[in-house]
Amino acid sequence: MKGFLCVTNAKNDEEYRAVVKKRNLYFSLAAVLGIAMTIISTWAYSRDMTDMTDISLGFFSGAGIGIAIVCVLQIILNLRLLRDDKKLHSSRVACSDERLVAIESKARNTALAVLSLVFVSGCLIGGIFYPVLIKIIGIAAAVFAVTYALSYLIYSKKM
Amino acid sequence: MKTRIAELRKQKKITQGELADAVSVTRQTIISLENGRYNASLVLAHKIAQFFGVTIEEIFIFDQEDENI
C-alpha cells in the first residue's frame, strides 16, 4: 500500500534524497492547506457566511485535520530517513522496486476503472432524482475523458 | 514463466536477500520471480544474468507458446 506514497524512479541514493526533500515540501504545503481548510470552514460557519450544514462542516474540518496529521507524520518519517543512510537506501530499493511499481500501476488502473463506473452510474441513476448530480458528475467524467485522451496522445509521442 | 534463479542461487550458496541487494530489488520480488508469479523486466533480467555470469536464456525458460514466435 505504501507504493501510493513512495513510488520513485530515483537511480541512486543521492537522487532519492532529493526526491524525499521535495516530497517533504509538498507534504508541508498540503498540511498547511489542510489546516487552512479546517480554519476557514469553521470560521465561515461560525459567522453564518455559508449555507454549510453541520455535516458539511464536520466533513471539511475533519478532512482538513486528517490531511494535516497524515502529512505531518509523513514528514517525520521522511526526516528520519534523511538522517539514516542505511534506511534511506532500503527505502529507495523498496520504493523503486519494479514489482511494487507494477502493482501500484495495476491497483491505480483498477481504482480508476471502478471510479469511472461509479461516476457514470451515479450520473445515470442519481440524475433522475437530483439533476444537479448530472452536471457535477458529468463534468468530472468529461475532465477524466479529456485528461485520458490528452495523456494518451502525449505519451504516444514520447514513447 | 519458469526460471532457474533458485537453482543458480543455491549453487552459488547465496540467500534471496543477498541476490535482491545485488540487483537492487526487494526480497519479495526475488521470491515472486522464483515462483514464476512475476516476470522480470529486460533490465532486471539482464542484471540477474550478469550477477550469475550466464545469459538471460539460461535463467529464464521461454517454453510457453506466447513466449516464442
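Everything discussed here concerns the structure shown above.
Residues numbered from 1 in each chain as written. Chains lettered and ligands numbered in written order. Predicted model: local features only at pLDDT ≥ 70, side-chain atom pairs only at ≥ 80, totals over all residues. Heavy atoms only, no water.

Novice: Go over the packing of aromatic side chains with me, naming the residues and quoting the values.
Specialist: In this structure the tally under the stated criterion is three aromatic pairs over all chains. Aromatic side chains Phe 59 of chain A and Phe 60 of chain A sit 5.7 Å apart centroid to centroid with 75 degrees between the ring planes, which places their arrangement in the edge-to-face category. Exposure remark for Phe 60 of chain A: the relative accessible area of 34% places this residue in the partly exposed category. Plain terms: the ring middles of Phe 51 of chain B and Phe 52 of chain B are 5.2 Å apart, the flat faces sit at 80 degrees to each other, and that makes the pair edge-to-face. Residue class for Phe 51 of chain B comes out partly exposed when judged on its relative accessible area of 27%. Here the guanidinium or amino end of Lys 12 of chain B rests over the ring plane of Phe 51 of chain B, the centre of that ring lying 5.0 Å away. (Phe/Tyr/Trp six-rings, centres within 6.5 Å; stacked < 30°, edge-to-face > 60°. Buried < 20%, exposed > 50% of the residue type's maximum accessible area, 1.4 Å probe, protein only. Lys NZ or Arg CZ within 6 Å of the ring centre and 35° of its normal.)

Novice: Summarise the pattern of salt bridges; cite the residues concerned and give the values.
Specialist: Counting across every chain of the model gives six salt bridges over all chains. Close ionic contact of Glu 104 of chain A with Arg 108 of chain A constitutes a salt bridge, the shortest N to O distance being 3.0 Å. Taken together, the positions of Glu 104 of chain A and Arg 108 of chain A, both in helix α5 (residues 98-129) and four residues apart, correspond to about one turn of that helix. Overall, the relative accessible area of 15% leaves Glu 104 of chain A in the buried class. On the basis of relative accessibility, which here comes to 42%, the residue Arg 108 of chain A falls in the partly exposed class. The partner of Glu 34 of chain B in a salt bridge is Arg 9 of chain B, and the shortest N-O contact between them spans 2.7 Å. Highlighted residues: Glu 34 of chain B in helix α3 (residues 27-35) and Arg 9 of chain B in helix α1 (residues 5-11), separated in sequence by 25 residues. Taken as a pair, Glu 34 of chain B and Arg 9 of chain B share a single burial class, namely buried. Bridged by salt links that share partners, the residues Glu 14, Arg 17 and Asp 85 of chain A form one connected network. (Salt bridge = Lys/Arg side-chain N within 4 Å of Asp/Glu carboxyl O. Helix = DSSP H or I, 4+ residues; strand = E, 2+ residues; numbered from the N terminus.)

Novice: Let's hear about the packing of helix α2 (residues 13-46) of chain A against helix α4 (residues 85-96) of chain A: which residues, and what values?
Specialist: All names here are of chain A. Look at α2 against α4: their axes get within 10 Å of each other, and the N-to-C directions meet at 85 degrees. One element, α2, and the other, α4, form an angle in the roughly perpendicular class. For the pair formed by α2 and α4, the contact residues are Asp 13, Tyr 16, Arg 17 and Val 20 on the first element and Asp 85, Leu 88, His 89, Ser 91, Arg 92 and Cys 95 on the second. Taken together, the residues that form the contact of α2 with α4 break down as four nonpolar, two polar and four charged. (Axes fitted to C-alpha atoms, helices over the stretch in contact; angles between N-to-C directions. Parallel < 35°, antiparallel > 145°, perpendicular 65-115°, else oblique. Contact = heavy atoms within 4.5 Å. Nonpolar A, V, L, I, M, F, W, Y, C, P; charged D, E, K, R; others polar.)

Novice: Run through the interface of chain B and chain A, naming residues and quoting values.
Specialist: The interface is formed by 11 residues belonging to chain B together with six residues belonging to chain A. Surface buried jointly by chain B and chain A totals about 690 Å² across both partners, of which 49% is contributed by carbon and sulfur atoms. Three residues stand out in chain B for area buried against chain A, namely Ser 24, Thr 26 and Tyr 38 of chain B, and they jointly supply 54% of the buried area on that side. If you look at where chain B meets chain A, you find zero salt bridges. Run the count over chain B and chain A and you get five residue pairs in polar contact (both at pLDDT 80 or more). Counting residues per element, the side of chain B that touches chain A draws most heavily on α3 of chain B, at three residues. Counted by class, the side of chain B that touches chain A contains four nonpolar, seven polar and no charged residues. (Buried area = accessible area lost by both parts, 1.4 Å probe. Polar contact = N/O pair within 3.5 Å; in protein donor to acceptor, adjacent residues only side chain to side chain.)

Novice: An account of the nonpolar core is needed here, citing residue identities and associated values.
Specialist: Counting 17 residues, the largest nonpolar core has Ile 5, Ile 48, Phe 52 and Ile 59 of chain B as the members making the most contacts within it. Those elements that provide at least two residues to this core are α1, α2 (16-22), α3 and α4 (42-52) of chain B. Of all the elements, α4 of chain B adds the most residues to this core, at five residues. Apart from the residues within four sequence positions on either side, Ile 48 of chain B is in contact with Ile 5, Val 23, Leu 33, Ile 59 and Phe 60 of chain B. Core analysis: the next-biggest nonpolar cluster, separate from the first, contains eight residues, Cys 6, Ala 10, Leu 88 and Cys 95 of chain A among them. (Core = buried A, V, L, I, M, F, W, Y, C linked by side-chain atoms within 4.5 Å.)

Novice: So what's going on with the packing of α5 of chain A against helix α6 (residues 131-158) of chain A? Which residues, and what values?
Specialist: All names here are of chain A. Close contact between α5 and α6 brings their axes to 7 Å; oriented N to C, the two are set at 155 degrees. Here α5 lies roughly antiparallel to α6, going by the angle between them. The element α5 and its partner α6 pack so that their crossing is left-handed. Here Leu 112, Ser 116, Phe 119, Gly 122, Cys 123, Gly 126, Gly 127 and Phe 129 of α5 come into contact with α6, specifically with Pro 131, Leu 133, Ile 134, Ile 137, Ala 140 and Phe 144. Here the contact of α5 with α6 is built from residues that sort into 10 nonpolar, four polar and no charged. (Left-handed = near helix turned anticlockwise from the far one by under 90°.)

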